[in-house]
Amino acid sequence: SRRFSGLDGFNKPNHQHLHQTQLSFASKRWIQTSKSSRSNWLQGPRDPLNSQAIKKQQTYSRYGNDSEYVHFRSKPSYWTRKRKIIVVVSSTAVVVYYVSHLERAPYTGRVRMIDVGPTEEAQIGLAEFNAIKAQFSGSVLSYYHPYTQLVRKVGLRISKVCNEPEFQWEFIVIDTPDINAFCLPGGKVAVFSGLLQRVVSDEDELACIMAHEIGHAVAHHGAEKMGFMKILLIAQVAMSLVFDMRFVTDPLLLFLGNLPFSRKLEYEADRIGLILMREACYDVHAAPLVFSKMGKIAAESGRVLPKYLSTHPTDEDRVEYIKSLIPDVEKQYGKNCRRGWFE
């Protein structure tokens, strides 16, 4: 019996060794599991869109197993949805604001947006006029100067047909060689002596210049420009959000928005100026002559810009436009006028 004791000892299972082996394996498995759970806890909840299972499902082989293309599903962009909502709401608000401030321009009936009242516009004009008088304080001619008397005579005659009772008319002459004149909102008119010395030869030609400038004020182009600049600013912000290329969008808005708009207002002031001239019983045929003179002076000075780069139409285009308006203006306006008489 002892002879088989070794075999018996060999065949008997070593329960203590087996228990230690199972314990070691279980402890290792527990450690690995705990590490994995701790890692997942630190990383937070797993994103199902970025899980390995979905990545594996979206992996396919095009040229065998050597090259594989992995497609990752992108997360839904909540910012894109919010941006769309913001754009829609903002656009709707802008359209409602724009439509609620539409009105028609006098004499021409053009529909435009104005969101500045006449009182506020007149206050802006007065403040700017006082600033200009302070700037040229030593160059403003006196009330009794012949140039000032001439400008006042023509200006007051035109102002009587403007139908602007709220305007506080004021006329000054600035003694500088500049060929320029302007009328600010509220009826604040300034004429530079260079215009009287080099361009104007009689009252009709002076009336052409002054009626054009007064036409800007009568049509409230100052208020319209302020409203249009707001629209351009909104368009600039919107285009920068969509395209993010201001070096392209800013010049685009300038050449397609601001400059054409300014030229359109100049043409309208030409038309209104002719009407005011005719109603004040001035000779409207003097207008083409005046702009022809100004075109020659500009050409001699070398300050002629291409029409698409200028805020004003070319003098040649204005002459042709004014000539085309004269027959209708003479037919429709100034019916109470007699030659050399104004009531």
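Residues numbered from 1 in each chain as written. Predicted model: local features only at pLDDT ≥ 70, side-chain atom pairs only at ≥ 80, totals over all residues. Heavy atoms only, no water.

Quick notes on the overall build of the chain
A tally of helices and strands in the chain yields twelve helices and seven strands. Out of the 343 residues in the chain, the part that is buried amounts to 34%. The long-range share in the chain, meaning contacts at least 24 apart out of those at least 6 apart in sequence, stands at 66%. Taken as a whole, the chain presents about 22700 Å² of accessible surface, with 57% of it coming from carbon and sulfur. (Helix = DSSP H or I, 4+ residues; strand = E, 2+ residues; numbered from the N terminus. Buried < 20%, exposed > 50% of the residue type's maximum accessible area, 1.4 Å probe, protein only. Contact = heavy atoms within 4.5 Å. Areas by Shrake-Rupley, 256 points an atom, 1.4 Å probe, with all protein chains shown as cover.)

Brief notes about helix α6 (residues 146-159)
Counted at 1.5 Å a residue, the expected span for α6 with its 14 residues is 20 Å, and the 20 Å between its end C-alpha atoms agrees. Residues Thr148, Val151, Val154, Gly155, Arg157, Ile158 and Ser159 constitute the buried set of α6. (Expected span 1.5 Å × (residues − 1).)

Here's the deal with the nonpolar core
Val151, Ile158, Val191, Met210, Ile214, Leu274 and Leu276 are the most contacted members of the largest nonpolar core, which totals 44 residues. Residue contributions to this core peak at nine residues, all from helix α8 (residues 203-218). Apart from residues lying up to four places away in sequence, Val191 is in contact with Val151, Ile172, Val173, Ile174, Asn180, Ala181, Leu196 and Met210. One finds Phe129, Ile172, Phe182 and Leu184 within the second-largest nonpolar core, a separate group that totals eight residues. (Core = buried A, V, L, I, M, F, W, Y, C linked by side-chain atoms within 4.5 Å.)

Focus on the sheet that holds strand β5 (residues 170-174)
Reading across the sheet, the three strands line up as β5-β7-β6 and stay open at both edges, with mixed pairing between neighbours. Edge strands, defined here as strands with exactly one partner in the open sheet, are β5 and β6 (181-184). Shown here is a sheet whose adjacent strand axes are inclined to one another by a mean of 15°, direction ignored. The pairing of β5 with strand β7 (residues 188-192) spans five bridges and is parallel. Residue Ile174 lies in a different strand from β7, and its bridge partner there is Phe192. This element, helix α5 (residues 118-135), spans β5, β6 and β7 of the sheet and lies at about 140° to β6. In the packing of α8 onto the sheet, contacts are made with β5, β6 and β7, and the angle to β6 comes to roughly 30°. (Pairing = 2+ DSSP bridges. Axes fitted to C-alpha atoms, helices over the stretch in contact; angles between N-to-C directions.)

Topic: the confidence of the model for the chain
With 70% of its residues at a pLDDT of 70 or more, the chain has an overall mean of 80. Low pLDDT, under 50, characterises residues 53-64; the predicted model gives this stretch 22 contacts beyond four residues in sequence or across chains. (pLDDT = per-residue confidence, 0-100.)

Observations concerning a nonpolar patch on the surface
On the surface, Val95, Tyr98, Val99, Leu102, Val111 and Ile231 cluster together into a nonpolar patch covering about 470 Å² of accessible area. For Val99, the position within the fold is in helix α4 (residues 78-100). (Patch = residues over 30% accessible without salt bridge, like charges linked within 9 Å, V, L, I, M, F, W, Y side chains within 5 Å. Salt bridge = Lys/Arg side-chain N within 4 Å of Asp/Glu carboxyl O.)

Observations concerning the pairing of β6
The two faces of β6 match: Ala181 and Cys183 on one face and Phe182 and Leu184 on the other face are all buried. As paired elements, β6 and β7 share four bridges and run antiparallel to each other. Residue pairing in the sheet places Cys183 in a bridge with Val189 of β7. Where β6 hands over to β7, the hairpin turn is made up of three residues, of which Gly186 adopts a positive phi near 95°.

Focus on the packing of aromatic side chains
The full count for this structure, using the stated rule, is seven aromatic pairs. For the ring pair Tyr267 and Tyr321, a centre distance of 5.0 Å and an interplane angle of 65° mean the geometry is edge-to-face. Of the two residues, Tyr267 sits in helix α10 (residues 246-279) while Tyr321 sits in helix α12 (residues 315-332), which places them 54 residues apart along the sequence. A network of ring pairs unites the aromatic residues Phe136, Phe182 and Phe192 as a single cluster. If you follow Arg157 out to its NZ or CZ, it ends over the ring of Tyr282, 4.1 Å from the centre. (Phe/Tyr/Trp six-rings, centres within 6.5 Å; stacked < 30°, edge-to-face > 60°. Lys NZ or Arg CZ within 6 Å of the ring centre and 35° of its normal.)

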